[in-house]
Amino acid sequence: MSRVYNFSAGPAVLPEEVLKEAADEMLDYKGSGMSVMEMSHRSKVYDGIIKEAEADLRELMNIPDNYKVLFLQGGASQQFAMIPMNLMKNRKAAYIVTGQWAKKAYQEAKIYGDAVEVASSADKTFSYIPDCSDLPISPDADYVYICENNTIYGTKYKTLPNTKGKTLVADVSSCFLSEPVDVSKYGIIYGGVQKNIGPAGMVIVIIREDLITEDVLPGTPTMLTYKTHADAGSLYNTPNAYCIYVCGKVFKWLKAMGGLEEMKKRNEEKAKILYDYLDQSKMFHGTVVAEDRSLMNVPFVTGDKDMDAKFVKEATAAGLVNLKGHRTVGGMRASIYNAMPKEGVEALVAFMKKFEEENA
Ligand SMILES: *Cc1c(COP(=O)(O)O)cnc(C)c1O
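Criteria and cut-off values
- Residues numbered from 1 in each chain as written.
- Predicted model: local features only at pLDDT ≥ 70, side-chain atom pairs only at ≥ 80, totals over all residues.
- Heavy atoms only, no water.
- Helix = DSSP H or I, 4+ residues; strand = E, 2+ residues; numbered from the N terminus.
- Contact = heavy atoms within 4.5 Å.
- Expected span 1.5 Å × (residues − 1).
- Buried < 20%, exposed > 50% of the residue type's maximum accessible area, 1.4 Å probe, protein only.
- Arc of directions from axis to C-beta.
- Pairing = 2+ DSSP bridges.
- Right-handed = clockwise from strand over helix to strand, strands pointing away.
- Core = buried A, V, L, I, M, F, W, Y, C linked by side-chain atoms within 4.5 Å.
- Near = heavy atom within 4 Å.
- Polar contact = N/O pair within 3.5 Å; in protein donor to acceptor, adjacent residues only side chain to side chain.
- Nonpolar A, V, L, I, M, F, W, Y, C, P; charged D, E, K, R; others polar.

(A) Representation of the environment of Gly201 in the model. Mapping Gly201 onto the fold places it in the loop between strand S9 (188-192) and strand S10 (203-208). C-alpha separation for the pair Gly201 and Gly74, spaced 127 residues apart in sequence, amounts to 6.6 Å. Beyond its immediate sequence surroundings of up to four residues, Gly201 is in contact with Leu72, Gln73 and Asn240.

Put into structure tokens, the structure is as follows:
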């Protein structure tokens with residue numbers, strides 16, 4: 001067996017300990033005589049798995065009692081519609097557009113009501129987070145929407161926007177559990193789990209209880225109503241049972257590592273190794289303003305397309321894989337999520353140094 005350092009933006013690297021445990025339990029989960037994949041989601045054994053996963057997540061994020069945790073399908077993208085369908089009572093919402101995922105959410109919301117772009121960083125190819133201290137938010141806006149970490153462009157909000165008292169809704173797909181958050185500042189925090197938590201195909205929605213109502217837009221399907229899933233403890237229909245099981249293992253892994261304070265420390269350390277190198281390199285350059293840099297997704301370029309391609313090719317051959325930048329941005333991107341060990345980032349920087357010397 002040979003494992004690579006996988007810098008994929010998602011689906012992405014998972015902790016090796018978690019993969020090994022899942023492998024050990026594949027044929028017989030704790031004496032049940034079957035795999036979790038083969039188990040009824042209504043069984044007693046599975047009930048233990050989903051309840052424990054939720055309890056561990058609540059502990060990790062310190063989620064207040066007046067928030068529900070939902071394990072839903074449809075990925076993060078399904079939330080682009082589900083949020084306006086459930087929250088747009090006045091059919092008005094403010095969107096801050098800091099990249100492609102925020103833009104997709106904004107465009108989807110326009111189907112359901114008056115989604116207003118109150119700020120954008122499109123003018124400089126999303127290389128920064130706009131000033132959000134005094135935005136033109138309508139007094140009757142139902143919520144303010146952000147994408148907190150921009151997976152493609154590599155920017156992250158260091159302070160949350162001033163929502164002028166409106167409910168904050170945040171897509172945290174690519175920074176989920178990377179550092180502590182104050183859940184009480186949000187109405188909804190949600191993210192696809194395939195970036196920083198588990199296998200693809202699920203979204204976790206943390207939602208304040210008062211936002212879960214029957215008063216949704218006319219025509220909203222039962223499956224796209226938060227109340228359906230909140231009332232049923234995410235078991236209205238068959239959930240992504242195996243994914244929830246793996247996520248639960250990652251929550252335990254995070255707890256054993258020391259929780260989110262410790263992850264923040266480790267993530268800062270890892271990102272610093274890469275950013276420090278980029279800041280002094282004559283060949284490689286980061287693409288976003290320093291103060292808005294993400295700890296999770298680090299895009300960089302040489303400024304020469306052929307050199308970029310050569311780098312990606314040689315890095316792949318050296319076991320440093322999935323470094324090609326997003327198709328819309330070009331260059332390279334290293335995603336260094338929780339499960340990427342410090343050794344992986346050190347190996348990447350050592351390889352970049354060598355490449356720079358050889359191609360100077
Ligand atoms: C990957 C990603 C999405 C889309 O996730 P899906 O689960 O594929 O729908 C949405 N938002 C952000 C910030 C992402 O990184």
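(B) Expanded view of the environment of Glu214. One can find Glu214 in the loop between S10 and helix H5 (226-231). Taking the C-alpha atoms as reference points, Glu214 and Tyr226, separated by 12 residues in sequence, lie 8.7 Å from one another.

(C) Geometry of helix H9 (residues 342-358). Relative to the 24 Å expected for 17 residues at 1.5 Å per residue, H9 spans 24 Å between its end C-alpha atoms, a close match to the ideal helical length. The set of residues buried in H9 consists of Gly344, Val345, Leu348, Val349, Phe351, Met352, Phe355 and Glu356. Buried positions in H9, seen along its axis, are confined to an arc of 160 degrees and lie on one side of it. Residues of H9 that are exposed and point more than 90 degrees away from the buried face comprise Glu357 and Glu358. If you follow the buried residues of H9, they end up packed against strand S1 (5-6), helix H7 (259-280), strand S12 (297-301), helix H8 (305-317), strand S13 (320-321) and strand S14 (332-335).

(D) Inspection of the pairing of strand S3 (residues 92-97) at higher detail. Where burial is concerned, most of S3 is hidden: 5 out of the 6 residues are buried. Note: S3 against strand S4 (residues 114-120), 6 bridges, orientation parallel. Within S4, the position partnered with Lys92 by the bridge is Asp114. For the handedness criterion, the β-α-β arrangement of S3, helix H4 (residues 100-109) and S4 is classed as right-handed.

(E) Local environment of the nonpolar core. Grouped together as the largest cluster of nonpolar side chains are 91 residues, with contacts concentrated most on Met61, Ile204, Ile206, Phe284 and Phe311. The leading source of residues in this core is helix H6 (residues 241-257), at 12 residues. In this structure, Ile206 is in contact with Met61, Ile63, Tyr67, Lys68, Val69, Phe176, Val183, Gly187, Ile188 and Ile189, ignoring residues within four places of it in sequence. Judged by nonpolar contacts, the second largest core, of 35 residues, contains Leu72, Ala76, Val97 and Ile207.

(F) Inspection of the site of the ligand at higher detail. Taken together, Gly75, Ala76, Ser77, Phe80, Trp101, Cys147, Asn149, Thr151, Asp171, Ser173, Gln194 and Lys195 make up the full set of residues adjacent to the ligand. Take Gln194: an N or O atom from its side chain is 2.9 Å from an oxygen atom of the ligand. In the environment of the ligand, an oxygen atom lies 2.5 Å from a nitrogen or oxygen atom belonging to the side chain of Lys195. In terms of residue count, helix H3 (residues 75-87) provides more of the shell around the ligand than any other element does, 4 residues in total. Residues belonging to the shell around the ligand are distributed by class as follows: 4 nonpolar, 6 polar and 2 charged.

Everything listed here is a matter of coordinates, which is why it stays silent on function.
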